[in-house]
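What follows is the residue order along each chain.
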Amino acid sequence: GAGVSQSPRYKVAKRGQDVALRCDPISGHVSLFWYQQALGQGPEFLTYFQNEAQLDKSGLPSDRFFAERPEGSVSTLKIQRTQQEDSAVYLCASSLGPLTTDTQYFGPGTRLTVL
Amino acid sequence: QQQVKQSPQSLIVQKGGIPIINCAYENTAFDYFPWYQQFPGKGPALLIAIRPDVSEKKEGRFTISFNKSAKQFSLHIMDSQPGDSATYFCAAPNSGGSNYKLTFGKGTLLTVNP
């Protein structure tokens, strides 16, 4: 079956532009995570959804970052007024259940470059 | 807040060698330690995970060893192959109240030469 998909795969934005990154999780997966991965680093937690509820947004770097999952499936990560420090790969992961021990399946990521 | 320290940053071995990657964590609410493998341009994928009450887990050529008293765990790759060349991340559960969050190490870039 299909895995987690993300679009676009690459995004170049001028500083100050708004961007929207999309994640299509595996069908039926309850949990959805967004991570930020800087070059040569591990994934850093941004936010967590359980179905449509955003239960944790403690990792969002600033109020310019906003995520939603209105129908409990597709999720969008929006970054307003992008800055150069926002340049990174943004990974989405989904898991069947709500527990840490439920395997997280990652998408290929969106590489964001802010000029 | 969980801290996970992973070493080494990079590792080069010859085919057939046994690379070992180490991770140390601070505190955790429970014992679940996964390792993820990431190839260039791809997202991380779960390789192997160890769960409570087990000090070692083996799957094929991959083995996790867990030392609870030292708060350390490691990944061993037996008979390594060039196709194992990738970045490996360890992870540990958050030590806070959340039962869904993982903290990842910074990764180890493994190169297996033919």
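These figures come from a predicted structure and were not determined experimentally. (Residues numbered from 1 in each chain as written. Chains lettered and ligands numbered in written order. Predicted model: local features only at pLDDT ≥ 70, side-chain atom pairs only at ≥ 80, totals over all residues. Heavy atoms only, no water.)

(A) Representation of the sheet that holds strand β8 (residues 75–79) of chain A. All names here are of chain A. Spatially, β1-β3-β8-β7 is the arrangement adopted by the four strands of the open sheet, whose pairing is antiparallel. Among the strands making up the open sheet, the edge pair consists of β1 (5–7) and β7 (65–68). For this sheet the average axis-to-axis angle between neighbouring strands, irrespective of direction, equals 15°. (Pairing = 2+ DSSP bridges. Helix = DSSP H or I, 4+ residues; strand = E, 2+ residues; numbered from the N terminus. Axes fitted to C-alpha atoms, helices over the stretch in contact; angles between N-to-C directions.)

(B) Seen up close, the state of the cysteines. What the rule picks out here adds up to two disulfides over all chains. Linked covalently through their sulfurs, Cys-23 of chain A and Cys-92 of chain A form a disulfide whose S-S length is 1.8 Å. Where Cys-23 of chain A bonds to Cys-92 of chain A through sulfur, the torsion about that S-S bond is close to -60°, and the disulfide is left-handed. Remark: Cys-92 of chain A occurs in strand β9 (residues 88–95) and Cys-23 of chain A occurs in strand β3 (residues 19–24); sequence separation between them is 69 residues. Residue classification places Cys-23 of chain A among the buried residues on the basis of a relative accessible area of 0%. Note on Cys-92 of chain A: relative accessible area 0%, which makes it buried. A sulfur-sulfur separation of 1.7 Å characterises the disulfide bridge that pairs Cys-23 of chain B with Cys-90 of chain B. What sets the handedness of the Cys-23 of chain B and Cys-90 of chain B disulfide is the S-S torsion sign, and at about -85° it is left-handed. A residue pair is termed long-range when its members are at least 10 positions apart, and Cys-23 of chain B in strand β3 (residues 20–25) and Cys-90 of chain B in strand β9 (residues 86–93) qualify at 67 residues. (Disulfide = S-S within 2.5 Å. Buried < 20%, exposed > 50% of the residue type's maximum accessible area, 1.4 Å probe, protein only.)

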